[in-house]
Amino acid sequence: MEIPESLVTLVGSQAEAARSGIVELCGALVAAPSITPPGDTRAAAAAAIEWLAARKLEPHVISEREDMPNIVVEVSGARPGPHLILNGHLDTMGPGDASRWTVPQFQLTPLDGRLYGLGMGNMKGAVAAMCAAMEILSEHARELAGTVTLLLVSDEVRFGDHGARFVLERDLRMHGDAVISGEGSGWMTLAVAEKGMAWLDLRASGSAGHASAALRGDTAVARLARALHRLDELNDWHVEPPPALAGALRDPNHPGLRVAVNAGILEAGDARGMIAPDARAELDVRLPPGLSLEALDARALKTLEGSGVEYRRGRSWTANWTDPADDLAQTVSSAARLIRGDPPVLTVRHPASDAMRWRSLGRPAVCYGPQPTLSAGVDDYAIAQDVIDCCGVYALAALLYGRSLRPG
C-alpha cells in the first residue's frame, strides 16, 4: 500500500481547500427538505447534481420513482484496479419535537465549529464530503487504480425498495468490489459491523366492559404492560462477539454487544371509560453480532412464559460485519490516521445502514462519516472539521485501496 507522502499531504490540503465548496453544498442540501416519510428527495438530488455538474463530474440519475432519484457519478483511474463504491443517502429522518429546535431546521447554521441543520449528521454532511472527494479523485485519475463510483440513494431511512435495493437489482455493476458508506457511527469511529434488527409484535386480550369493572392484572393493557416490563430486562443482555470481531471489541460491556429493545407503538381502546378488550405493541429490537434470531426468539418466549401475550416476529435480520483484517477496513483506517493523525476506533454501528446490502452480496463494507453521536436528533449537526476530514479520508482511501488491490 505504498503511496507517496507528497500525495497524502496534497490530498489533505485539497480537502481543506474545498472547505468553502463543501459548506456551500451542505447549505444547499439542508435547504432542500428530504424527510422520510414521504421521502421526496428531488430537491436534495438537484442540489447535489448542480454542484457536481459545475465541477464537470457528469452525474446521472437511476430511478424507479420520479420523487426518489438515485445519483451516480464515476471516476475511472488510469490503471486497472478494484471498483470502490462511495455510498450515501439523500433522505433524512424527521426533526423530532420541532419546538425544541434552537436553530432553523432547513438553514445551515455555522456555530462554534459546528454546522447545524436537519440531516447534517445523517447524512448530508457525509454526502457533501463524498461529492468533494470525487472532485479530488478526478484530479488524481493518473494516480488512481480502478474505478470509484459515488452512489447517492433515496429511500434509505425506512429501507424501502426504491433506493440502493433498486439500483443493485437493476445494475449488477453497482455491486462493485467494496463499499465505504458515509453513515457515521459516532465520534469518527470506524464501523466494521452493525447490529441486526427484529420487529416484534405483541398482542394481549383481556376482559371487556365498563371501566368500573376493571380488576388488577385482568385487562389487556395490564397484561401487555407486564409483558413489556419483562422484555425490558433484555436491554441488559450482552452477547459474546464472533471470533472475527473479538479482537476489535475486547470490552465485554461494549454497547455494540448489547441487545436494545424498544416499544415504538402502543395501541389499545378508544374510550377512557371502557376496558380495552385488546392491546398491542410493536417493538424494535437491535441484535449485536453473535446473536441469532432463533436465540432471540427463545429468550423472548421464555421471558413471556405465562403472560398470555401473543408473540410474533416480523421483518428481521441478524447483525452483519466485515472482518477488521480485510483490506478495505485496513485501508480506511490507514487513510483516517494519515488525515487525522490517529487511527479510528473500531466499533459496531447501532442503527442499520445500506452497507448491509453489499455485505449480503459478499462485498466488504465499512461505515465512516461525520455524524457526531450515535444518532441524529434535535438540533442536528456535524462538526465542520469532521466533514472536511471525511472528504480527505474518502479520497485518500480510494487511492490507497486501488493501489493495494490492483492486478500485478
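Let us look at the structure shown here. Please read all numbers here as calculations on a predicted model, not as lab measurements.

This part covers the sheet that holds strand β14 (residues 310–317). Ordered in space as β11-β13-β9-β14, the four strands form an open sheet in which the pairing is antiparallel. Edge positions in the open sheet fall to β11 (260–267) and β14, since each of these has one partner strand only. Neighbouring strand axes in the sheet, compared pairwise and without regard to direction, differ in orientation by 20 degrees on average. Examined bridge by bridge, β11 and strand β13 (residues 278–287) share seven bridges and lie antiparallel to one another. Bridge assignment links Asn 262 to a residue of β13, and that residue is Asp 284. This element, helix α6 (residues 220–231), spans β9 (196–205), β11 and β13 of the sheet and lies at about 15 degrees to β13. Sitting on the sheet, helix α8 (residues 293–303) touches β9, β13 and β14, and the angle it makes with β14 is about 160 degrees.

Here the focus is the packing of aromatic side chains. Counted according to the given criterion, the structure contains two aromatic pairs. Here Phe 159 and Trp 317 contribute two aromatic rings whose centre-to-centre distance is 5.7 Å and whose plane-to-plane angle is 70 degrees, an arrangement assigned as edge-to-face. Highlighted residues: Phe 159 in the loop between β6 (145–153) and α5 (164–170) and Trp 317 in strand β14, separated in sequence by 158 residues. The burial state of Phe 159 is the same as that of Trp 317; both residues are buried. Arg 315 extends its terminal NZ or CZ atom over the ring of Trp 199, reaching a point 5.9 Å from the ring centre.

Time to look at the side chain of Glu 183. Relative to the assigned elements, Glu 183 resides in the loop between β7 (178–181) and β8 (190–194). In this structure the side chain of Glu 183 is engaged in a polar contact, spanning 2.9 Å, whose partner is the side chain of His 89.

Burial of the side chains of β7 extends over both faces: Ala 178 and Ile 180 are buried on one face and Val 179 and Ser 181 on the other. As paired strands, strand β3 (residues 79–89) and β7 are joined by four bridges and run parallel to one another. The residue of β7 that forms the bridge with Leu 84 is Ala 178.

Before going further, it helps to spend a moment on helix α9 (residues 327–340). In a regular helix each residue adds 1.5 Å, so 14 residues correspond to 20 Å; α9 covers 20 Å between its end C-alpha atoms and thus fits that length. Buried residues of α9: Leu 328, Ala 329, Thr 331, Val 332, Ser 333, Ser 334, Ala 335 and Ala 336, and no others. The N-cap of α9, judged by a side-chain oxygen 2.8 Å from the amide nitrogen of Leu 328 a few residues on, is Asp 326. Gly 341 sits one or two residues past α9 and shows a positive phi near 100 degrees.

In space, the three strands of this open sheet follow the order β4-β5-β18, with antiparallel pairing throughout. The open sheet terminates on both sides in strands that have one partner only, identified here as β4 (109–111) and β18 (381–383). Strand-to-strand twist across the sheet, computed as the mean angle between neighbouring axes with direction ignored, equals 25 degrees. Taken together, the three bridges between β4 and strand β5 (residues 114–116) define a ladder with antiparallel strand orientation. Along β5, the bridge assignment pairs Leu 111 with Arg 114.

Counted according to the given criterion, the structure contains 22 salt bridges. Here Arg 349 makes a salt bridge to Glu 183, at a shortest N to O gap of 3.0 Å. Of this pair, Arg 349 sits in strand β16 (residues 346–349) while Glu 183 sits in the loop between β7 and β8, and the two are 166 residues apart along the sequence. Note on accessibility: Arg 349 and Glu 183 belong to one class, buried. Between Arg 340 and Asp 389 there is a salt bridge, and its shortest N-O distance comes to 2.7 Å.

Residue Pro 37 follows Thr 36 across a cis peptide bond; omega there is -10 degrees. Summarising the element assignment, Pro 37 is placed in the loop between α2 (19–30) and α3 (42–53). A cis geometry characterises the amide bond from Asn 122 onward to Met 123, with omega recorded as -5 degrees. For Met 123, the position within the fold is in helix α4 (residues 120–139). We note that Asp 155 has phi near 55 degrees; this positive angle belongs to a residue other than glycine. Position of Asp 155 relative to the elements: it lies in the loop between β6 and α5. Positive phi values are uncommon outside glycine, yet Phe 159 reaches one of about 50 degrees.

Every regular strand shows the same layout, with side chains that alternate between the two sheet faces. The element β6 is extensively covered by neighbouring structure, given that nine of its nine residues are classed as buried. Bridge count for strand β2 (residues 70–76) against β6 is six bridges, and the pairing is antiparallel. Residue pairing in the sheet places Val 75 in a bridge with Val 148 of β6. Relative to β6, β3 runs parallel, the two sharing eight bridges. If you follow Leu 84 over to β6, its bridge partner there is Val 148.

Definitions and cut-offs
Residues numbered from 1 in each chain as written. Predicted model: local features only at pLDDT ≥ 70, side-chain atom pairs only at ≥ 80, totals over all residues. Heavy atoms only, no water. Pairing = 2+ DSSP bridges. Helix = DSSP H or I, 4+ residues; strand = E, 2+ residues; numbered from the N terminus. Axes fitted to C-alpha atoms, helices over the stretch in contact; angles between N-to-C directions. Contact = heavy atoms within 4.5 Å. Phe/Tyr/Trp six-rings, centres within 6.5 Å; stacked < 30°, edge-to-face > 60°. Buried < 20%, exposed > 50% of the residue type's maximum accessible area, 1.4 Å probe, protein only. Lys NZ or Arg CZ within 6 Å of the ring centre and 35° of its normal. Polar contact = N/O pair within 3.5 Å; in protein donor to acceptor, adjacent residues only side chain to side chain. Expected span 1.5 Å × (residues − 1). Salt bridge = Lys/Arg side-chain N within 4 Å of Asp/Glu carboxyl O.

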